[in-house]
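Coordinates in review
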Amino acid sequence: MAKSMRGTAKNQLSLFYTLFGSFIVIIVLLVSINMLAYNFFSNTIKKEIILNSSLNLSSTASNYEKHIQLVRSFMLGYLFDSDTEILKRDSPMQHYDVVIRVQKTLQHNLSNTQLFLDNIIYYFKDDDFVLERDGTRNANTMFSKFYTNPTYTTDFWNKEMEHDESFRVYPAAAFSSATAFRQEPLGTYMPILIKGAYDHEFAFIALLDGSKTYAAFHQPKPDSSFFIVDRDQQIIFSSDEFALPTAALEKKGSGYSKIKDHYYFYRTGTETGYTYFEVVSDRGLTQQLQRLNLTIATLLIISLLIGLAVSYWFSKRFHNPLANMIRSIQSLNSVSVPIGKSSRIREFNLLHNTLSDLSRSKDEYQQDLQAKNNLLQQLSYMMRLKKIHGSGELLPAPIDTDGPYRLVLSQIEFKERFAAEIANAPQRAFNMYKELISAHFSSVYTNSLTFQLEKDQILSILFVKDKATREKPDDLDGLVHLLDKDIPYCNFTIAISPIRHRSADFAETYQNVLDLIKQRRLGEDVQVIGEWTPQPSLMIPSPAEEQELTANLQSGCDEVTIPLVNRLLEDLEDAGALAQQFQDFSKDVVSRTIKIMYAQNISFNNLAGGRSPYDLLKSCYTLQQYKDFFQSFLSKSAAAIQAKKSETDIITKFVTEYVEAHYGEDLSLDMIAGKIGITGSYLSTYYKEKTGTNFSDYVLSVRMRKATEMLRETDLKIQEIAALVGYYTVASFNRVFKRYTGATPGEFRRQHQWKK
């Protein structure tokens with residue numbers, strides 16, 4: 001016996017070391033593979049870093065090129081604006097109302113942080129007059145106190161206006177404001193001069209924020225510098241004090257070169273001709289490789305230590321149970337237990353008696369399971385189809401037994417605040433509400449059954465067996481009081497059916513409570529619905545309102561679409577519309593807007609902050625929430641449509657600028673087509689294809705936009721405004737204005753007086 005135990009112990013030790021050694025061999029093999037892979041790829045890491053730097057610079061150059069073109073188009077729109085023409089013809093101070101309007105427009109447009117423009121300066125050289133967002137002043141005061149820089153003085157700008165260039169970007173410089181007590185830095189700006197090619201008396205000076213554009217458009221590498229060089233090899237922006245050598249300044253096209261201990265990545269823009277440089281120190285690349293080597297070595301060492309520890313632990317876990325099994329088998333082999341006879345070992349007798357009892361009760365269990373098999377299969381199939389994880393509860397009564405019963409369907413809708421403030425998962429919270437509803441009905445109805453039927457619905461089957469519960473069908477005050485506390489996080493809709501007596505009507509009764517759930521109206525509350533009322537037949541919007549809405553959505557006129565949609569929402573509420581009807585109407589408006597934007601090749605991904613607008617609609621439960629949603633959504637869509645119209649080609653650009661400048665004159669398609677040298681039918685088709693808007697609709701939208709601005713911001717008479725926007729009679733102007741905005745000019749002016 002002792003000899004056998006020594007042999008067993010020897011085998012046990014051999015098994016342990018065999019397992020442990022096998023794990024070590026696998027670990028060493030994996031480490032070797034990792035080392036070979038690292039040695040193979042280490043030679044290409046530096047090339048990948050260089051490629052990444054080239055791609056990063058390419059993205060930066062593309063961003064700068066697009067933005068400079070955007071600023072150019074934006075400022076050319078100012079240059080050809082009708083207000084600018086008015087100020088240029090006479091002394092600016094003779095048109096104080098125009099000056100005030102221009103200043104308001106500047107303040108509004110400069111609030112757009114995506115332009116990165118700090119200010120736009122109207123510079124009238126002969127009048128020594130400057131108009132900018134904060135007011136008016138003479139040029140010397142402007143450039144010696146408010147925007148001070150030794151280079152960009154009044155004399156400098158006067159000389160630059162003598163050139164024939166219509167658009168030029170100057171080197172970035174640090175500007176400051178000088179007061180009587182101290183000089184305060186403003187930032188680093190890249191001045192841009194915009195003027196007519198042969199106009200030497202008036203120009204725009206736009207101040208592009210160089211620091212913000214650099215932070216937005218470029219992702220710098222460690223120990224790197226960034227430069228922008230114009231066609232004359234003049235540096236117009238640099239991120240630091242690093243000196244760019246002459247050999248690098250002569251680079252054009254795209255690529256990189258190494259000069260001394262620096263890599264010079266460069267790319268020339270196709271639109272501006274500027275060359276963009278990123279200078280990366282070779283030391284920076286070397287440090288990146290060293291950090292990568294250190295990281296990989298650390299990971300390998302940690303992996304090796306963890307592998308050894310886990311291998312030892314698993315070897316012990318495999319070894320110890322096996323050793324115990326061997327000892328148990330050796331002890332059992334020394335004892336023979338004849339079948340049918342009792343053993344002297346208590347555990348053997350316990351196992352023998354247990355197996356005998358199981359054998360005797362096998363037939364009884366089989367008969368009981370067979371009797372319940374049909375019902376369990378039906379329940380299992382239902383739960384599988386519904387994808388419900390049940391709690392294993394049994395039905396309190398057979399489903400095919402006739403008797404009085406009532407169905408109560410509770411629908412729970414989680415709000416966004418729930419996900420933001422409550423850490424529990426929705427399913428856990430849903431189970432909590434299910435238990436709360438089950439406890440309430442169990443206290444009133446004997447043998448009531450409550451279970452989850454859908455992902456957001458809880459069905460309660462109430463077996464009505466006594467007179468008290470029959471006479472009190474809507475005993476829900478206690479449950480409603482409990483659920484009211486969670487209204488900030490959930491909306492609750494409870495549908496209750498009348499008492500039914502036949503089990504065959506179960507499916508029909510369930511369909512009835514499903515229909516009742518759909519009767520929910522606007523509100524953030526617990527709604528109990530016991531009777532079905534026909535849904536109101538609504539003609540909202542009317543055909544005329546639908547046509548008006550579509551036309552204004554296409555033209556991007558949110559000043560009309562937002563009040564119109566708000567009025568339609570109020571009409572729905574006055575008509576007693578259901579919550580689902582509000583959803584259907586809102587989805588229709590969103591779909592119309594998205595289709596219009598698709599037709600004009602406009603992306604709508606940013607309209608809702610990266611989220612689907614349909615998902616945002618699901619979070620609207622009150623009339624005000626719907627109004628707030630459309631205020632944001634329609635204003636953003638209108639801005640996108642207006643921005644798209646400014647990014648047109650030369651023909652549509654000419655049409656747009658001409659209409660904007662001559663909207664008060666007789667505008668015909670053939671007349672404008674003749675100025676370009678094409679036919680009216682071709683221009684109509686071309687303009688529709690490029691902008692997604694008919695020419696006549698565009699002219700109408702411009703005139704109505706100008707008319708609404710005059711009604712809001714001036715005291716001109718309506719007949720004067722009608723003449724200014726191209727209508728010869730007040731009657732025709734009133735008719736078109738009401739069809740476009742839904743209100744007469746007089747009503748529109750009264751509605752907007754309170755906003756001043």
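Residues numbered from 1 in each chain as written. Predicted model: local features only at pLDDT ≥ 70, side-chain atom pairs only at ≥ 80, totals over all residues. Heavy atoms only, no water.

The phi torsion at Phe116 lies on the positive side, around 60°, for a residue other than glycine. Relative to the helices and strands, Phe116 resides in the loop between helix H3 (96-110) and strand S1 (117-124). The phi angle at Asp128 is positive, at roughly 50°, despite the residue not being glycine. With respect to the element layout, Asp128 can be found in the loop between S1 and strand S2 (129-132). The partly exposed category is assigned to Asp128, whose relative accessible area is 33%. (Helix = DSSP H or I, 4+ residues; strand = E, 2+ residues; numbered from the N terminus. Buried < 20%, exposed > 50% of the residue type's maximum accessible area, 1.4 Å probe, protein only.)

To continue, consider the packing of aromatic side chains. Both the distance between ring centres and the angle between the ring planes are used here to describe each pair of aromatic rings. Within the structure shown, the criterion is met by 42 aromatic pairs. Measuring from ring centre to ring centre gives 5.6 Å for Phe116 and Phe217, while their planes differ by 85°; the resulting arrangement is edge-to-face. Of this pair, Phe116 sits in the loop between H3 and S1 while Phe217 sits in helix H6 (residues 210-217), and the two are 101 residues apart along the sequence. Residue classification places Phe116 among the buried positions, given a relative accessible area of 15%. (Phe/Tyr/Trp six-rings, centres within 6.5 Å; stacked < 30°, edge-to-face > 60°.)

This brings us to a negative patch on the surface. Judged by side-chain charge, Asp126, Asp127, Asp128 and Glu201 come together as a negatively charged surface patch. Secondary-structure assignment places Asp127 in the loop between S1 and S2. (Patch = residues over 30% accessible without salt bridge, like charges linked within 9 Å, V, L, I, M, F, W, Y side chains within 5 Å. Areas by Shrake-Rupley, 256 points an atom, 1.4 Å probe, with all protein chains shown as cover. Salt bridge = Lys/Arg side-chain N within 4 Å of Asp/Glu carboxyl O. Lys, Arg positive; Asp, Glu negative; His and termini not counted. Charge placed at Lys NZ, Arg CZ, Asp CG, Glu CD.)

Direction of pairing for strand S4 (residues 167-169) relative to strand S6 (residues 183-194): antiparallel, over a ladder of 3 bridges. Residue pairing across strands places Phe167 opposite Ile194, the latter belonging to S6. Relative to S6, strand S5 (residues 173-178) runs antiparallel, the two being bridged by 6 bridges. Looking at the pairing, Ala178 lines up with Gln183 of S6. Where S6 lies against strand S7 (residues 202-209), 6 bridges are found, and the strand directions are antiparallel. (Pairing = 2+ DSSP bridges.)

The next thing to look at is the sheet that holds strand S17 (residues 526-529). Strand order in the open sheet formed by 5 strands is S14-S15-S13-S16-S17, and the pairing between neighbours is mixed. A single partner strand is all that each edge strand has here, and the edge strands are strand S14 (449-454) and S17. The average undirected angle you get between the axes of adjacent strands in this sheet is 20°. By the bridge criterion, 5 bridges tie S14 to strand S15 (residues 457-463) in an arrangement that is antiparallel. Looking across to S15, one finds that Glu454 is bridged to Gln457. Strand contacts of helix H13 (residues 477-484): strand S16 (490-496) and S17, with the helix running at about 155° to S17, the strand carrying the most contacts. Along the sheet, helix H14 (residues 506-517) contacts strand S13 (405-414), S14, S15, S16 and S17; its crossing angle with S13, the most-contacted strand, is approximately 35°. (Axes fitted to C-alpha atoms, helices over the stretch in contact; angles between N-to-C directions. Contact = heavy atoms within 4.5 Å.)

Within the largest apolar cluster, 44 residues are counted, with the highest numbers of intra-cluster contacts made by Tyr122, Ile194, Phe204 and Tyr276. Take this core: its biggest share by element is 10 residues, from helix H1 (residues 2-79). Those residues in contact with Tyr122 that sit more than four places away from it in its chain are Tyr78, Thr84, Val102, Leu106, Phe129, Val130, Leu131, Phe202, Ala203 and Phe204. Counting residues in hydrophobic clusters, the runner-up holds 30 residues, among them Ile651, Val655, Met710 and Val736. (Core = buried A, V, L, I, M, F, W, Y, C linked by side-chain atoms within 4.5 Å.)

Here the chain averages 78 in pLDDT, and 79% of its residues register 70 or above. Scored below 50 in pLDDT, residues 343-351 makes 8 contacts in the model with residues more than four places away or belonging to other chains. Contacts of residues 392-400 to residues separated by more than four positions or lying in other chains number 10 contacts, the stretch itself having pLDDT below 50. (pLDDT = per-residue confidence, 0-100.)

So, on to H6. Along H6, the positions that sit buried rather than exposed are Gly210, Thr213, Tyr214 and Phe217. On an axial view of H6, the arc spanned by its buried residues comes to 100°, and they lie on one face. The exposed residues of H6 that point more than 90 degrees off its buried face are Lys212 and Ala215. (Arc of directions from axis to C-beta.)

Let us look at the pairing of strand S12 (residues 275-281). Within a regular beta strand, the side chains point alternately toward one face of the sheet and then the other, so they alternate between its two faces. Across the 7 residues of S12, 7 count as buried, placing the element largely inside the fold. Burial along S12 is two-sided: Thr275, Phe277, Val279 and Ser281 facing one way and Tyr276, Glu278 and Val280 facing the other are all buried. In this structure, strand S8 (residues 224-229) lies alongside S12, joined through 6 bridges in antiparallel fashion. Bridging across to S12, Ser225 finds its partner in Val279. Pairing between strand S11 (residues 262-268) and S12: 7 bridges, direction antiparallel. Note on S12: the bridge partner recorded for Thr268 is Thr275.

All right, on to the environment of Thr550 then. Within the fold, Thr550 resides in helix H15 (residues 543-555). Judged by its relative accessible area of 24%, Thr550 is partly exposed. When the C-alpha atoms of Thr550 and Val589 are compared, they prove to be 9.1 Å apart, with 39 residues separating the residues in sequence. Not counting the four nearest positions on each side in its chain, Thr550 is found in contact with Arg592 and Ile596.

Right, let's talk about the sheet that holds S11 for a bit. The 5 strands lie next to each other as S9-S8-S12-S11-S10, forming an open sheet whose pairing is antiparallel. Both outer strands of the open sheet, strand S9 (235-238) and strand S10 (254-259), are each paired with one neighbouring strand and no more. When strand polarity is set aside, the average angle formed by the axes of neighbouring strands in this sheet is 20°.

Interhelical geometry of H15 versus helix H25 (residues 730-741) gives an angle of 85° and a closest axis separation of 8 Å. Overall, the two elements H15 and H25 adopt an arrangement that is roughly perpendicular. Each of Glu548, Asn552 and Ser555 in H15 lies in contact with H25, whose residues at this interface are Arg739, Tyr740 and Thr741. For the contact of H15 with H25, the per-class residue count stands at 1 nonpolar, 3 polar and 2 charged. (Parallel < 35°, antiparallel > 145°, perpendicular 65-115°, else oblique. Nonpolar A, V, L, I, M, F, W, Y, C, P; charged D, E, K, R; others polar.)

Before going further, it helps to spend a moment on the pattern of salt bridges. In total, this model carries 16 salt bridges according to the counting rule given. In this structure, the salt-bridge partner of Asp83 is Arg101, at a minimum N-O distance of 2.9 Å. With Asp83 in helix H2 (residues 82-89) and Arg101 in helix H3, this pair connects stretches of sequence that are 18 residues apart. On the basis of relative accessibility, which here comes to 11%, the residue Asp83 falls in the buried class. Salt-bridge contacts for Lys125 lead to Glu162; the nearest nitrogen and oxygen are separated by 2.3 Å. Placement of the pair is Lys125 in the loop between S1 and S2 and Glu162 in the loop between helix H5 (154-160) and S4, with a sequence separation of 37 residues. Judged by its relative accessible area of 43%, Glu162 falls in the partly exposed class. Residues joined by salt bridges that share partners form a network here, namely Asp118, Arg133 and Asp134.

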